[in-house]
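Chain by chain, the residues:
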Amino acid sequence: MLQRPTVKPTVHVMVATPSAATGQGGVDRVMATLKAQLAREDRPEVRAQFVASRGAGSVLLSPFYALFFCLRMIAARLRGRVDVVHINLASDGSTYRKLVIANCARLMTIPYVLHLHGAEYQEFWEGAGRLLSRSIENMFERAAQVVVLGSVWREFIAGRAPGVADKITIIANATGVPALAQRGGGESVHILFLGRIGERKGVPQLLAALSAMAEDDRWRATVAGDGSVDAARNQSASLGLSQRVAFPGWVGPTEVAQLIASADILVLPSFAENLPVSVIEGMAAGLAVVATPVGAVTDIIVDEKTGLLVPPGDVGALALALNRLVSDPELRAELGKNARMFHRQQLDLAPFAQAICEVWIAAARTKIAGEK
């Protein structure tokens, strides 16, 4: 007698992401690409819904979004429509909201996955008071699975929450292959910065480095993002760069794609990062990348091979690296080719989605094992 093939149960996942994966902000951009990839693949073994846990408006409304997420989670649990909760985590207010969500999930016996994104989480946790620090440790140690973006973060979490060390998985951020053809800046080498404009991202140092290159008329730059736009624009004007550096402010996905297609160099001279999406987007397009060796950046940028690394805050080294790339089209092409190849092999969306789904399935098994 023929046996019916075993049908694997579908794992239902609720994903807590700032603005329900609308693509605004680093975490939401990552979750938006994951959501789109899952829709394209239509995996029968996984069904994920992305729910806002912070909201796109005033931070004063964020507690209500967190509460609404918990209410939806409870309702889904009562209907048997949630098996795993995926919690995207950063520092400050994000942690307070996610402590509530994680505790609610635990009370409802729903296994949860923590996905750490915060660039300054090490400083945040180490500076937390005893009660908050212990609460964060408990949140990690009670997680069914933990996702981090690089080896430096795995070592940090394992050191702070040893009980979760064997449940940590490294999954680097990912982006899709650019839809627009790469055309570059034409007669002027186009240097592009994408990110929140301010001290942490090294924008003042970037403008100082560009000022040191002002006598070279072969380049132009775009500094795109929200944050301290007016302060950066004023600094640029005081350095005599108003005609060389554009500040379009925050730009959406379509404009980002157009800027990347028109760029030759992607620069991100940050003092702190987790694993910046803008660098991965630059690599995907075959741009020559200049970055700092902070966070998990060194997991993807190998100096002189897939990009150039400069010390944080070193204006002279930053100017030298940018000047090398402006002056040497062959070096730009070689670094860009290597970066593009690395992206296709390790930072593309399909393996990223597969790895996340495997984490969700492993977390769901934690529940199944606990129920036996």
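Just so it is clear, the structure is predicted and the values come from calculations on it, not from any experiment.

### A short note on the packing of helix H7 (residues 203-212) against helix H11 (residues 315-327)
Inference 1: Where H7 meets H11, the closest approach of the two axes is 8 Å, and the angle between their N-to-C directions is 60 degrees. Relative to H11, H7 is oriented oblique. As for how H7 packs across H11, the hand of that crossing is right-handed. Judged by residue contacts, Gln205, Leu206, Ala208, Ala209, Leu210 and Ala212 of H7 engage Val315, Leu318, Ala319 and Leu322 from H11.
Inference 2: A per-class count over the contact of H7 with H11 returns nine nonpolar, one polar and no charged.

### Regarding the pattern of salt bridges
Inference 1: Scanning the model with the defined rule gives 13 salt bridges in all.
Inference 2: A salt bridge links Asp42 to Arg47, with the nearest nitrogen and oxygen atoms 3.3 Å apart.
Inference 3: For Asp42, a relative accessible area of 49% translates into the label partly exposed.
Inference 4: With a relative accessible area of 37%, Arg47 lands in the partly exposed category.
Inference 5: When the shortest N-O distance is used, the salt bridge between Glu45 and Arg43 registers 3.1 Å.

### With respect to the nonpolar core
Inference 1: Core analysis: the biggest nonpolar cluster contains 96 residues, and Tyr121 and Leu210 have the highest contact counts within it.
Inference 2: Ranked by the residues each element gives to this core, the list is headed by H11, at six residues.
Inference 3: Residues Val15, Ile356, Val359 and Trp360 belong to the second largest nonpolar core, which totals 26 residues.

Conventions used here
Residues numbered from 1 in each chain as written. Predicted model: local features only at pLDDT ≥ 70, side-chain atom pairs only at ≥ 80, totals over all residues. Heavy atoms only, no water. Axes fitted to C-alpha atoms, helices over the stretch in contact; angles between N-to-C directions. Helix = DSSP H or I, 4+ residues; strand = E, 2+ residues; numbered from the N terminus. Parallel < 35°, antiparallel > 145°, perpendicular 65-115°, else oblique. Left-handed = near helix turned anticlockwise from the far one by under 90°. Contact = heavy atoms within 4.5 Å. Nonpolar A, V, L, I, M, F, W, Y, C, P; charged D, E, K, R; others polar. Salt bridge = Lys/Arg side-chain N within 4 Å of Asp/Glu carboxyl O. Buried < 20%, exposed > 50% of the residue type's maximum accessible area, 1.4 Å probe, protein only. Core = buried A, V, L, I, M, F, W, Y, C linked by side-chain atoms within 4.5 Å.

It is worth stressing that arrangement in space is one thing and function is another; only the former is reported here.
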